[in-house]
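Observations on chain architecture
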Amino acid sequence: MSDVTGAELRALMARVPSVEKVMASAEFAGLVVEFGRTQVLGMLRQALDQWRVDAQSGEASVNALDVAQLHARVDAALRQRNQPRLRSVFNLTGTVLHTNLGRALLPDEAVQAVMTALTQPANLEFDLDTGKRGDRDDLIDDLICELTGAEAATVVNNNAAAVLLTLSALASKKEVIVSRGELVEIGGAFRIPDIMSRAGAKLREVGTTNRTHLKDYDEAITPQTALLMKVHASNYAINGFTKEVGVEEIAPLAHARGLAVAVDLGSGTLVDLAQWGLPRETTVRETIEVGADLVTFSGDKLLGGPQAGLIVGRRDLIARIKKHPLKRALRVGKLTLAALEPVLRMYRAPEHLAGRLTTLRLLTRPMDDIRAAAERVLPVVQRAIGARYAVAAEPMFSQIGSGALPVDVLPSYGLVVRMADGKRGGRQLLALEKLLRDMQRPVIGRIADDALRLDLRCLEALDEAQLIGQLESMNA
Ligand SMILES: *Cc1c(COP(=O)(O)O)cnc(C)c1O
């Protein structure tokens, strides 16, 4: 019935109930309690307006005006609209510190501390000894110094902020010497040359992409030089005919000329990861020991804490950094400090670290454990996605992620989904990937080599039970 006459239309419109009447119904009373009158009224008006539009083109049924039907419609619309936009997902990408999936997961102690800080007043900037105003950095700078061997420390919003602030405070209108092999782009808009100009510092590039010598730094030093800087090549490696000058060589040169060395370590681990069989990464303490005057690193990469940027080093330099106006703009909130403190404290008991620090627990998860999980989940996945696909449990390689140890991979285990008929199935694999991504708690895997790969390293017991429950309800 596409052509509706004027008379028919008027008769139809007369059937639209009054908004007040619908709102007064028992069904809608429940919605008002849950969502508030304003929203419910707004959605009801929208539903009725839509019905009128549909009625003009002959596509509306009078039944849809029943209070029960209107309720179902408005209820669904309200629920859809109020779904959290930031949702938990299953990280089956195999990248433990996945920047797009929120990086480090916090241990319970940190979560509890955040809850407390959220709901109770705290001595954030209040000195409990003197009863006077305090400095939020005082809450954790001792702990950071203890763990890194630094004289002083401060914390800002993230490591990009740490680098920006360091350069702004120490090198504005001056030159900073950096090797051409270290002019990195971290992703997004974080590029060393750009940060440098934002901070008002002049980048003085030395050496070449693959080789930089000590004399390159030496010859570049002028009265305009403020800093010698080294940047961790977080997400790439230069192989072959290469030469990099270490902090231990640059520091004596800089100090002899009255200059400071700043090192952007990126991930910045506090402990030697080799003790857990992980690839070795220079620690913050070692970097300071060999002569760095300042080190910047992230809180939510290998450290395993909340998003933050830590700046540690010489007391006089940290004091200048803390006095810069940008410090106030880049400072951390109480939730970050609340989460960071228990995470840092865990490093005092390195024996327990692999069990207690979530990031390290995931990175060191035994292969047998991951394999057992893969074997338990396999039949459930196979049943859920049907016989068109063939699911196998296979070894694979995880990555640490977030620019930590970019070329190193960790032996892992997971599920590999291919087409059962042996064809490449590009489109069907994409459809499957989307199906999993559309679930109540989205499942994020990756497609490579004509297969959908689900690395189970990051699927610990509770998550496994939830994933299985979700997959089983697909068939129901
Ligand atoms: C990750 C990284 C950054 C940026 O750190 P955020 O905490 O993400 O702001 C800066 N420099 C290096 C070398 C990095 O690896």
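Values in this document were obtained by computation on a predicted structure and should not be read as measured data.

**Structural notes on the site of the ligand**
Around the ligand, the structure places Arg103, Asn158, Asn159, Ala160, Ile186, Phe190, His232, Ser234, Asp264, Gly266, Ser298 and Lys301. Between Asp264 and the ligand, the recorded distance is 2.6 Å, taken from a side-chain N or O atom to a nitrogen atom. Within the side chain of Ser298, a nitrogen or oxygen atom sits 2.7 Å from an oxygen atom of the ligand. Relative to its unbound accessible area of 380 Å², the ligand is 94% covered by the protein chains. The set of elements that each furnish at least two residues to the shell around the ligand consists of α8 (159-171) and β8 (260-266). Counted by class, the shell around the ligand contains three nonpolar, six polar and three charged residues.

**A closer look at the domain arrangement of the chain**
Note on interface size: it is often stated as the accessible area lost on association of the parts. Splitting the chain by domain gives domain 1 (6-81), domain 2 (90-99 + 361-473) and domain 3 (108-356). Summarising the inter-unit geometry, the C-alpha centres of domain 2 and domain 3 are found 34 Å apart. Each partner contributes to the interface: domain 2 provides 13 residues, whereas domain 3 provides 19 residues. For the pair domain 2 and domain 3, the summed buried area comes to about 1,200 Å², and 72% of that belongs to carbon and sulfur atoms. At the junction of domain 2 and domain 3, the tally comes to zero salt bridges.

**Section: the packing of aromatic side chains**
With the rule as written, the count across this model stands at zero aromatic pairs. Taking NZ or CZ as reference, Arg211 lies 3.8 Å from the ring centre of Phe241, over its face.

**Quick word on the nonpolar core**
Within soluble globular proteins, side chains that are nonpolar generally end up buried alongside one another. Ranked by size, the top nonpolar core spans 63 residues in total, and within it Leu228, Val312, Leu344 and Tyr347 carry the most contacts. No other element matches helix α15 (residues 334-346), which puts seven residues into this core. The residues touching Leu228, leaving out its near neighbours within four places in the chain, are Ile177, Tyr217, Ile221, Ile250, Leu253, Ala254, Leu259, Ala260, Val261 and Ala262. In terms of nonpolar packing, the next biggest core, distinct from the first, is built from 33 residues, Val163, Met196, Ile311 and Leu330 among them.

**Here we look at the side chain of Asp455**
Counting through the fold element by element, Asp455 comes out in strand β15 (residues 451-455). No salt bridge is formed by the buried Asp455; the nearest opposite charge belongs to Arg457, separated by 4.9 Å. For Asp455, the side chain forms a polar contact with the main-chain nitrogen of Arg457, separated by 2.9 Å.

**Overview of the pattern of salt bridges**
Where charged atoms from two side chains of opposite charge approach closely, those side chains can pair. Following the criterion strictly, the structure yields 30 salt bridges and no others. Among the ionic pairs, Arg79 bridges to Asp75, the shortest N-O distance being 3.0 Å. Of the two residues, Arg79 and Asp75 are both situated in helix α5 (residues 67-81); the distance of four residues between them amounts to about one turn of the helix. Judged by relative accessible area, Arg79 falls into the partly exposed class, the value being 37%.

**A short note on the pairing of strand β2 (residues 152-156)**
In terms of burial, β2 is largely enclosed, as five of its five residues are buried. Burial along β2 is two-sided: the face carrying Ala152, Thr154 and Val156 and the face carrying Ala153 and Val155 are both buried. In the sheet, β2 pairs with strand β10 (residues 309-313) via five bridges, with the strands oriented antiparallel. When the bridges of β10 are listed, Ala153 appears paired with Val312.

**Some details on the packing of helix α4 (residues 37-56) against α5**
Packed helices, taken two at a time, are described by the angle their axes make and the gap between the axes. Interhelical geometry of α4 versus α5 gives an angle of 120° and a closest axis separation of 10 Å. Our classification of the angle between α4 and α5 gives oblique. Between α4 and α5 the crossing geometry is right-handed. Residues Gln39, Val40, Met43, Leu44, Ala47, Leu48 and Gln50 of α4 form the contact with α5, whose participating residues are Leu70, Arg73, Val74, Ala77, Leu78 and Arg81. Grouping the amino acids of the contact of α4 with α5 by side-chain chemistry returns nine nonpolar, two polar and two charged.

**A word on the pairing of β15**
Counting buried positions along β15 gives five out of five residues, so the element sits mostly inside the fold. Residues of β15 alternate between two faces, with Ala451, Arg453 and Asp455 on one and Leu452 and Leu454 on the opposite face, all of them buried. Summarising the sheet, strand β14 (residues 446-448) and β15 pair through three bridges and their orientation is antiparallel. Residue pairing in the sheet places Ile447 in a bridge with Leu452 of β15.

Procedures and definitions
Per chain, the residues get numbers from 1 upward, laid out in the order the sequence is written. Per-residue local features are limited, in this predicted model, to residues with pLDDT of at least 70; the limit for side-chain atom pairs, both in listing and counting, is 80 or more; totals at the level of whole chains, interfaces and linings are taken over all residues. Water and hydrogen atoms were dropped before computing side-chain values, which therefore reflect all heavy atoms in the structure. Here, proximity means that at least one heavy atom of the residue falls within 4 Å of the molecule or strand. Throughout this description, a polar contact denotes any pair of N or O atoms lying within 3.5 Å of each other; where both atoms belong to protein, one of them has to be capable of donating a hydrogen while the other can accept it, and for residues adjacent in sequence the pair is counted only when both atoms sit in side chains. Exposure was quantified through the Shrake-Rupley algorithm and a 1.4 Å probe, taking into account, for residues, occlusion by the shown protein chains and nothing else. Helix numbers and strand numbers start at the N terminus; a helix is a DSSP run of H or I with at least 4 residues, a strand a run of E with at least 2. Under the scheme applied, nonpolar residues are Ala, Val, Leu, Ile, Met, Phe, Trp, Tyr, Cys and Pro; charged residues are Asp, Glu, Lys and Arg; polar residues are all the others, including Gly. Marked domain ranges trace back to an automatic or database domain assignment. Contact definition: two residues touch when any of their heavy atoms are within 4.5 Å. Summed over both partners, the accessible surface that disappears when two parts come together, traced with a 1.4 Å probe, is what is meant by buried area. Any Lys or Arg side-chain nitrogen located within 4 Å of an Asp or Glu carboxyl oxygen qualifies as a salt bridge. In this analysis, rings of Phe, Tyr and Trp, with Trp reduced to its six-membered ring, are considered paired at centre separations within 6.5 Å, and the interplanar angle assigns stacked below 30 degrees, edge-to-face beyond 60, and tilted for intermediate values. Criterion for a charge above a ring: Lys NZ or Arg CZ within 6 Å of the ring centre, and within 35 degrees of the ring normal. As used here, the term nonpolar core means buried Ala, Val, Leu, Ile, Met, Phe, Trp, Tyr and Cys residues forming a set that is joined through side-chain atoms within 4.5 Å. Classification of residues uses two cut-offs on accessible area relative to the type maximum, computed with a 1.4 Å probe and protein chains only: under 20% is buried, over 50% is exposed, and between them is partly exposed. Only four residue types enter the charge count: Lys and Arg as positive, Asp and Glu as negative, with His and the chain ends excluded. When DSSP finds two or more bridges between two strands, those strands count as paired. Whenever a helix is involved, its axis is fitted only over the stretch in contact; in every case the axis is a line through C-alpha atoms, and angles between N-to-C directions fall within 0 to 180 degrees. These descriptions rest on fixed angle ranges, namely under 35 degrees for roughly parallel, over 145 for roughly antiparallel, 65 to 115 for roughly perpendicular, and the rest for oblique. Helix crossings are classified by the rotation of the near helix relative to the far one: an anticlockwise turn of less than a right angle makes the crossing left-handed, while a clockwise turn makes it right-handed.

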